[in-house]
Amino acid sequence: MKSSLTFIKSNTDQFFKKWDRTIFLSLFISFYLDIVIFLANFGFHKVMEWNDIPYISYNNLEIFLTKPFALLGFMLIFLFIIFSVFIQFSFLIRGISQIDSSTFQISRIIKDTYKSIPRLFGPSAIFLTIYFILVIPFAGTIFKTKLLDKVVIPQFILDFLSNNGWIALGIAVLSIAIAYIGLRLKFVLPLMIMNDMSFTQAMKESLAITKKKFWYYTLRLFMVSAISTIVAVIVYILVYIFQYIEDGLVKPIPLIMGILNLSLVQLVSLFVVLWANYILIQLLLSNEKVKPDALINQKGVKQTRLPRWLVITFVSFTVFFYVVGNWIFLVDTVEHPALNISHRGVDAGYGVQNTIPALEHTIKTAHPDYVEMDIQETSDKKFVVMHDENLRVLTGVNKRPQELTLAELTKLVAKENGSSAPVVSFDDYLKAANSHKQKLLVEIKTTRYDSKDYVSNFVKQYEKELMDNGHEIHSLDYNAVKEVKKNSKLKTYFILPYNFIFPRTDADGYTMEQTTLNESFVDEAHLRKQNVYAWTVNDVDSMKKMALINVDGIITDNSSDLNGVINELKENPKFADKILDYLVSVDLEKSLGN
């Protein structure tokens, strides 16, 4: 413990002596990542445009079987991203290894990185791809990158898997195993970058290094993480307390102090992340097997000194953008808050999904703007309100809705959340909603058992009533979305479970799963006059996050809780509360590009 604290203290002293270089290196890497992201997005969009692909989702991956050039284009861009991730880490590791030397030069870091690129071809490319996709995003205790931000498991999948005890246990064991592998392989990148090893050589060496000193390195990693977290939390608490007191002063003092306090939070976050990165990289470079000196202490290298004025200029611009952004954030009032959309008509687990008793209870207690519900086709080409493709879970009947007539289906009783209610036809559900002036967001669920006229029959039968009462449509099937748009003027959304690349469709908007939904997606949709609904958002912090990135609607199982969040935002809360919302809603490390 003592040696670990001594190591951290000595490197912290070095960090503050060379803080200007660390910041400059961080800004350089951030600029590099922005360029890579722009080029990758541009490439993906062009490949989709040239091959007439409107969107990418799990339900249209077969399109690559008929469009091999699109597959080739995507693979090349994907390899470009993998190489870019390696280059980012090379910049980081080489840069920090040279910060304490008199030869610190961005041009030299780029040159040394360029020499490492040939190592990426061949088998190493395959291993690196696996390492970056499976290990870095899920066990990235040191190396993190916004280039791999979207390599995540969507929350709705985790929620589904966690409902089964054995599967949940399996996921927990797998998560521990991946974290362990990540810790054992943490020397792979430094050895590849600094010692010019292949991936397999670096992997074997990393396993050998951590075999005897696993807990030695793990303890130091934990201490750095704990210290950075404690420092940040203390600063955040103090800022909140000071702002809470300052909110009671005369105007405009609360606003001015709010801008300064929020800017302080962001600058502290920046320094904490930079400090942690510096200490952790130095920890890896301190091992005798990693030899940075072989690359940085070469004769004939011109000694240079980074102009401090340049760093101060960059920091000043950063602070300026913080201040302007924070002023906008703090004075902005929510004139058009996100719509409250009750998921399947159930609030806080009361009642059975997609049934009239649950609908009426939710209308009475939560007053949602919309109720999201599901329809499927029956064997006699009518429409039943049902989400599941098999009736077994809710009704105990092991059949598909498409195998039974509407009359047979409405005789069944669905059970959930300790309640029971009859399965209902869409006619009756729509009638109940209209009687309460409750708007619906109707999900058209499709299966391979549906008739070819399923969607067109639905639109033909219900278009006028849906339009007259302000109801909307969405579907996970883009063919269904196109069919609705072709035959009606109903507002229709396309459901996307994953934000891979922004789609180019004729939908009026998108219903996006919350895990990968970000502000960039929302902003681009709004530029194209398309709305965005987020699903399924059930905790208060996530609700605030979605509201702060300006989604147009939030689909939730807890509409009453969402009402509280929306009311808080509408009431123009105190600046202390807004700062608190920022802290709980923004992933600071991702926002800093680390």
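Computed from a predicted model, the values in this text were never measured in an experiment.

## Thoughts on the overall build of the protein
And step 1. Counting its secondary structure elements, the protein contains 24 helices and 11 strands.
And step 2. Summarising its shape, the C-alpha atoms of the protein cover approximately 85 × 65 × 45 Å along the three principal directions.
And step 3. Sorting the 594 residues of the protein into buried and exposed places 49% on the buried side.
And step 4. Put simply, of all contacts in the protein between residues at least 6 apart along the chain, 67% involve residues at least 24 apart.

## Considering the side chain of Ser559
And step 1. Positionally, Ser559 belongs in helix 22 (residues 559–570).
And step 2. Among residues more than four places away in sequence, those in contact with Ser559 are Asn340, Ile341, Ser342, Asp347, Ala366 and Pro368.

## With respect to a nonpolar patch on the surface
And step 1. Judged by side-chain polarity, Ile230, Val233, Ile234, Ile237, Leu238, Ile241, Phe242, Tyr244 and Ile245 come together as a nonpolar surface patch covering roughly 850 Å² of accessible area.
And step 2. Looking at where Ile245 falls in the secondary structure, it is placed in helix 10 (residues 199–246).

## Considering the nonpolar core
And step 1. Formed by 73 residues in total, the largest nonpolar core has its most connected members in Leu25, Phe86, Leu128, Phe132 and Leu189.
And step 2. With sequence-adjacent residues up to four places away left out, Leu128 is seen in contact with Phe86, Leu120, Leu189, Met192 and Phe199.

## Regarding the pairing of strand 1 (residues 339–343)
And step 1. Counting buried positions along strand 1 yields 4 of 5 residues, so the element is predominantly enclosed.
And step 2. As defined by bridge partners, strand 1 adjoins strand 11 (residues 553–556) across 4 bridges and the pair is classed as parallel. Each residue of the ladder has a partner; that of Ile341, found in strand 11, is Ile555.
And step 3. As paired elements, strand 1 and strand 2 (residues 370–377) share 3 bridges and run parallel to each other. Across the sheet, the residue bridging to Ile341 is Tyr370, located in strand 2.
And step 4. This β-α-β element, strand 1 to helix 14 (residues 356–366) to strand 2, shows right-handed connectivity.

## Focus on helix 14
And step 1. Looking at helix 14, one finds that the buried residues are Ala358, Leu359, Thr362, Ile363 and Ala366. On an axial view of helix 14, the arc spanned by its buried residues comes to 135 degrees, and they lie on one face.
And step 2. Elements in contact with the buried residues of helix 14: strand 1, strand 2, helix 17 (426–435) and helix 22.
And step 3. Downstream of helix 14 by a residue or two, His367 has a phi angle that is positive, lying close to 50 degrees.

## A short note on the pattern of salt bridges
And step 1. Counted under the stated rule, the structure contains 10 salt bridges.
And step 2. Measuring nitrogen to oxygen at the nearest pair gives 3.2 Å for the salt bridge that ties Lys445 to Glu443. For the residue pair Lys445 and Glu443, the accessibility class agrees, reading buried in each case.
And step 3. A single salt-bridge network, built from bridges that share partners, covers Arg504, Glu524 and Arg528.

## Here we look at the pairing of strand 9 (residues 509–513)
And step 1. For strand 9, the buried fraction is high: 5 of the 5 residues fall into the buried class.
And step 2. Of the two faces of strand 9, the one carrying Gly509, Thr511 and Glu513 and the one carrying Tyr510 and Met512 are both buried.
And step 3. Bridge analysis of strand 9 against strand 10 (residues 531–535) gives 5 bridges, and the strand direction is parallel. Bridge pairing in strand 10 links Glu513 to Trp535.
And step 4. Each parallel crossover has a hand, and the one from strand 9 via helix 20 (residues 519–527) to strand 10 is right-handed.

## Observations concerning the side chain of His343
And step 1. Along the chain, His343 turns up in strand 1.
And step 2. In this structure His343 comes out as buried when scored by relative accessible area, which is 13%.
And step 3. Here the side chain of His343 touches Arg344 through a polar contact of 3.4 Å, side chain to side chain.
And step 4. Those residues in contact with His343, other than ones at most four positions away along the chain, are Glu372, Thr536, Ile555, Thr556 and Asp557.

## Structural notes on the packing of helix 21 (residues 540–548) against helix 22
And step 1. Relative orientation of the contacting elements helix 21 and helix 22 amounts to 45 degrees, with a least axis distance of 10 Å. One finds that helix 21 runs oblique with respect to helix 22. Between helix 21 and helix 22 lies a crossing whose hand is right-handed. In contact with Val540, Met543, Lys544 and Ala547 of helix 21, helix 22 contributes Asp561, Leu562, Val565, Glu568 and Leu569.
And step 2. Taken together, the residues that form the contact of helix 21 with helix 22 break down as 6 nonpolar, no polar and 3 charged.

## Topic: the environment of Asn469
And step 1. With respect to the helices and strands, the residue Asn469 is situated in the loop between helix 18 (454–468) and strand 7 (472–475).
And step 2. Taking the C-alpha atoms as reference, Asn469 lies 7.1 Å from Asn434; in sequence the two are 35 residues apart.
And step 3. Excluding its chain neighbours within four sequence positions, the residues that come into contact with Asn469 are Asn434 and Lys439.

## Overview of helix 19 (residues 478–487)
And step 1. Buried residues of helix 19: Tyr478, Ala480, Val481 and Val484, and no others. Looking straight down helix 19, one finds that the buried residues subtend no more than 155 degrees of arc, so they occupy a single side. For helix 19, the exposed residues lying more than 90 degrees away from the buried face are Asn479 and Lys486.
And step 2. Where helix 19 is buried, its residues touch strand 6 (439–444), helix 18, strand 7 and strand 8 (492–496).
And step 3. Between the side-chain oxygen at the start of helix 19 and the backbone nitrogen of Asn479 there is a gap of 2.9 Å, and the oxygen is on Asp477.

## Thoughts on unusual backbone geometry
And step 1. Backbone torsion omega between Lys251 and Pro252 reads 5 degrees, so that peptide bond is classified as cis.
And step 2. The phi torsion at His367 lies on the positive side, around 50 degrees, for a residue other than glycine.

Criteria and thresholds
- Residues numbered from 1 in each chain as written.
- Predicted model: local features only at pLDDT ≥ 70, side-chain atom pairs only at ≥ 80, totals over all residues.
- Heavy atoms only, no water.
- Helix = DSSP H or I, 4+ residues; strand = E, 2+ residues; numbered from the N terminus.
- Buried < 20%, exposed > 50% of the residue type's maximum accessible area, 1.4 Å probe, protein only.
- Contact = heavy atoms within 4.5 Å.
- Patch = residues over 30% accessible without salt bridge, like charges linked within 9 Å, V, L, I, M, F, W, Y side chains within 5 Å.
- Areas by Shrake-Rupley, 256 points an atom, 1.4 Å probe, with all protein chains shown as cover.
- Salt bridge = Lys/Arg side-chain N within 4 Å of Asp/Glu carboxyl O.
- Core = buried A, V, L, I, M, F, W, Y, C linked by side-chain atoms within 4.5 Å.
- Pairing = 2+ DSSP bridges.
- Right-handed = clockwise from strand over helix to strand, strands pointing away.
- Arc of directions from axis to C-beta.
- Polar contact = N/O pair within 3.5 Å; in protein donor to acceptor, adjacent residues only side chain to side chain.
- Axes fitted to C-alpha atoms, helices over the stretch in contact; angles between N-to-C directions.
- Parallel < 35°, antiparallel > 145°, perpendicular 65-115°, else oblique.
- Left-handed = near helix turned anticlockwise from the far one by under 90°.
- Nonpolar A, V, L, I, M, F, W, Y, C, P; charged D, E, K, R; others polar.

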